[in-house]
Amino acid sequence: MLNVAVIGSGTMGNGIAHVFAQYGFPVTLIDINQAALDKAVLTITKNLDRQVAKGSLTEDDKTATLGRLRPSTSLEEGVREAGLVVEAATENVSIKLDLFRQLDELTPADCILASNTSSISITKIAAATKRPDKVIGMHFMNPVPVMKLVEVIRGYATSDAVTQQIMELSRQLQKVPTEVNDYPGFVANRILMPMINEAVYSLFEGVAGVEEIDTVMKLGMAHPMGPLQLADFIGLDVCLAILRVLHEGLGNPKYAPCPLLVNMVMAGRLGVKSGEGFYTYTPGSKDLVVAPRFAK
């Protein structure tokens, strides 16, 4: 059985580790912070409990899944025997490049190095290694245990064999892999982020309020969540980072981030993770309340 290492135990990392472990793969979840690892294991356990309650898993399945999961604070030990590494670290170019240089030295020669990046060039990441043919994008959607899509991104040098292996591996996780080429934002975020940015501009320019913008998109376009609420869910800092990648990579002013989005990120209003974005978020409450700044 393929040994999998997942780097980064945040929302995406713990979700990716959860899915691989659930479908029978031994998984090492790696993070430099032990407290973050403990929190990740607790989150995975709660999500498995939710699946058991819904009847999609048994208690034995849950126990087996957790038994295949090994947390580690050591990158060297965690990837030593890996056949696949999935990087889900912070969406920062320099961090990712440094990490892939290390992975190139620490992993077996035949190990595939995948990134869960939502916008950073796979070709650029691959160029930091001596195995660009074995570097690929494996962009899961949040929440990973629920969402079916995996955007499989081919770098300039990614081999056909590696691409097909990752496509098949995604299917083994009961996901739907979709192959795309390596251009800024890939497909998902090249289409999604300009929509979110335009929603922020509509608020910024006084076209409509937060609730009105989200209601139009939910009821008029059948979106399950309005773009401003979705931005809060993704993280406004993440949205801003992706828009900057699009703006820089494609050189088109239509991708320029809205000044309101920039200011909110600078002010630390990042959405769900900070407790306030376009809406406010109170632990334990499911009520959607517009942030005071935007309330009428």
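Residues numbered from 1 in each chain as written. Predicted model: local features only at pLDDT ≥ 70, side-chain atom pairs only at ≥ 80, totals over all residues. Heavy atoms only, no water.

**Student:** Describe in detail the nonpolar core, supporting the description with residues and values.
**Tutor:** Taken as a class, soluble globular proteins show a tendency for nonpolar side chains to be buried jointly. Core analysis: the biggest nonpolar cluster contains 34 residues, and Phe20, Val27, Leu84, Phe140 and Ile166 have the highest contact counts within it. For this core, the element with the most residues is helix α1 (residues 11-22), which contributes 6 residues. Beyond its immediate stretch of four places on either side in the chain, Val27 contacts Val4, Val6, Ala17, Phe20, Ala21, Arg68, Leu69 and Arg70. Counting 28 residues, the second-largest nonpolar core is a separate cluster that includes Ala199, Val200, Met264 and Phe294. (Core = buried A, V, L, I, M, F, W, Y, C linked by side-chain atoms within 4.5 Å. Buried < 20%, exposed > 50% of the residue type's maximum accessible area, 1.4 Å probe, protein only. Helix = DSSP H or I, 4+ residues; strand = E, 2+ residues; numbered from the N terminus. Contact = heavy atoms within 4.5 Å.)

**Student:** Could you give an account of unusual backbone geometry, naming the residues involved and the relevant values?
**Tutor:** Trans peptide bonds make up the majority, and among non-glycine residues the majority have a negative phi. Here the amide bond leading from Asn142 into Pro143 is cis, since omega sits at 0 degrees, within 30 degrees of zero. You can see Pro143 is positioned in the loop between β6 (135-140) and β7 (149-154). The phi angle at Gln174 is positive, at roughly 60 degrees, despite the residue not being glycine. Relative to the helices and strands, Gln174 is located in the loop between α7 (160-172) and β8 (176-181). Overall, the relative accessible area of 44% leaves Gln174 in the partly exposed class. A positive phi is found at Ala222, a non-glycine position, where the angle reads about 60 degrees. By the element assignment, Ala222 lies in the loop between α9 (210-221) and α10 (227-234).

**Student:** I'd like a rundown of the UniProt feature "binding site: NAD(+)" (unreviewed entry) in the protein, residues and numbers included.
**Tutor:** Here, the residues flagged by UniProt with the feature "binding site: NAD(+)" (unreviewed entry) are Gly8, Ser9, Gly10, Thr11, Met12, Gly13, Asp31, Glu91, Lys96, Ser118, Asn142 and Lys273. Within the fold, Thr11 resides in helix α1. For Thr11, a relative accessible area of 53% gives the class exposed. Its location among the elements puts Asp31 in the loop between β2 (27-30) and α2 (34-54). (UniProt positions renumbered as here; feature names shortened; annotations may be inferred.)

**Student:** Quick rundown of the UniProt feature "site: Important for catalytic activity" (unreviewed entry) in the protein? Include the residues and the values.
**Tutor:** The UniProt record annotates "site: Important for catalytic activity" (unreviewed entry) at His139. By secondary structure assignment, the location of His139 is in strand β6. Only 2.8 Å separates the side chain of His139 from the side chain of Glu151, close enough to count as a polar contact. (Polar contact = N/O pair within 3.5 Å; in protein donor to acceptor, adjacent residues only side chain to side chain.)

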